[in-house]
Amino acid sequence: MNRKGAGFTLIEIMVASVILFMVLGTVSIVYRGALLSSSKASEHLLINAQVAPLLSLAESHIRSESKTEKEQLKLEGSSNDVRYSITASLIDFRSPPQRFDVDSGSYQTPPKKYKLWNVELMLTHNGITKNFVFKQLGWLDE
């Protein structure tokens, strides 16, 4: 019996196996990278979704506390499994611009009314921490 050409040789099977395993290894590395990227993106998306409501919370807290003499404000908590820390430091406390009083012929300086705050918002979820820094204006009601 002549068995030439009746099947694959051992060398051909080994070369095909090496090529197959290289392709499977490459596909698994690409899939793992895509999976990690997707997981990180969803974590960042969850954190970023909390920024707008927390900015609103910081704004209302600062405006309500502007009536007091405090120069530091601190607010901590959790929202949708995202831990937050809001720290506000008073930058400046000023009055409105001077007004010219026609009757007396001089400038009148109104009492101090406006407070400018430096606000730091720190959000943490599953080991990912994001920091945001912004300025917020608060004022005293007359």
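Here's a quick rundown of the structure. (Residues numbered from 1 in each chain as written. Predicted model: local features only at pLDDT ≥ 70, side-chain atom pairs only at ≥ 80, totals over all residues. Heavy atoms only, no water.)

### Structural notes on the overall build of the chain
For step 1, the next point in the chain: Scanning the chain from terminus to terminus reveals two helices and six strands.
For step 2, the next point in the chain: What you see in the chain, going N to C, is helices and strands ordered as α-α-β-β-β-β-β-β.
For step 3, the next point in the chain: Relative to the 2.2 N^0.38 estimate, which gives 14 Å for 142 residues, the radius of gyration of the chain is 32 Å and therefore markedly larger than a compact globule would have.
For step 4, the next point in the chain: Projected onto its principal axes, the C-alpha coordinates of the chain cover approximately 125 × 30 × 15 Å.
For step 5, the next point in the chain: Burial analysis of the chain (142 residues in total) assigns 21% to the buried set.
For step 6, the next point in the chain: Partitioning the contacts of the chain with sequence separation of at least 6, the portion at a separation of at least 24 is 53%.
For step 7, the next point in the chain: Accessible surface, the chain: about 10,600 Å² in total, of which carbon and sulfur atoms supply 59%.
For step 8, the next point in the chain: For the chain, the distance from the average site of its 16 positive side-chain charges to the average site of its 14 negative ones is 12 Å. (Helix = DSSP H or I, 4+ residues; strand = E, 2+ residues; numbered from the N terminus. Rg over C-alpha atoms; globule rule 2.2 N^0.38 Å. Buried < 20%, exposed > 50% of the residue type's maximum accessible area, 1.4 Å probe, protein only. Contact = heavy atoms within 4.5 Å. Areas by Shrake-Rupley, 256 points an atom, 1.4 Å probe, with all protein chains shown as cover. Lys, Arg positive; Asp, Glu negative; His and termini not counted. Charge placed at Lys NZ, Arg CZ, Asp CG, Glu CD.)

### Describing the nonpolar core
For step 1, the next point in the chain: Counting residues in each nonpolar core, the largest one holds 16 residues, and the members touching the most others are Tyr84, Ile86 and Leu123.
For step 2, the next point in the chain: Of all the secondary structure elements, the ones that give two or more residues to this core are α2 (51–65), β1 (72–79), β2 (82–94) and β5 (114–125).
For step 3, the next point in the chain: Contacts of Ile86, omitting those with residues within four sequence positions, involve Leu54, Leu57, Ala58, Leu73, Lys74, Leu75, Val119, Glu120 and Leu121. (Core = buried A, V, L, I, M, F, W, Y, C linked by side-chain atoms within 4.5 Å.)

### Observations concerning unusual backbone geometry
For step 1, the next point in the chain: A positive phi angle is found at Asn80, which is not glycine, with a value near 55°.
For step 2, the next point in the chain: Within the fold, Asn80 resides in the loop between β1 and β2.
For step 3, the next point in the chain: Taking relative accessible area as the criterion, Asn80 reaches 54% and is therefore assigned exposed.
For step 4, the next point in the chain: In the Ramachandran plot, Asp81 falls in the positive-phi region, its phi being about 65° despite a non-glycine side chain.
For step 5, the next point in the chain: For Asp81, the position within the fold is in the loop between β1 and β2.

### As for the pattern of salt bridges
For step 1, the next point in the chain: Scanning all chains against the criterion turns up three salt bridges.
For step 2, the next point in the chain: With its nearest N and O atoms 3.5 Å apart, the salt bridge here joins Glu76 to Lys74.
For step 3, the next point in the chain: Salt-bridge contacts for Asp92 lead to Arg94; the nearest nitrogen and oxygen are separated by 2.4 Å.
For step 4, the next point in the chain: By relative accessible area, which is 27% here, Asp92 ends up partly exposed.
For step 5, the next point in the chain: Its relative accessible area of 55% is what places Arg94 among the exposed residues. (Salt bridge = Lys/Arg side-chain N within 4 Å of Asp/Glu carboxyl O.)

### Describing the pairing of β1
For step 1, the next point in the chain: Pairing of β1 with β2 involves eight bridges; the strand directions are antiparallel. When the bridges of β2 are listed, Gly77 appears paired with Tyr84.
For step 2, the next point in the chain: Hairpin connection from β1 to β2: two residues lie between these consecutive antiparallel strands, with Asn80 at a positive phi of about 55°. (Pairing = 2+ DSSP bridges.)

### What about α2?
For step 1, the next point in the chain: Its 15 residues place the ends of α2 21 Å apart at the C-alpha level, agreeing with the 21 Å of an ideal helix rising 1.5 Å per residue.
For step 2, the next point in the chain: Inspection of α2 places Val51, Leu54, Ala58, Ile62 and Glu65 among the buried residues, and these make up the whole buried set. On an axial view of α2, the arc spanned by its buried residues comes to 70°, and they lie on one face. (Expected span 1.5 Å × (residues − 1). Arc of directions from axis to C-beta.)

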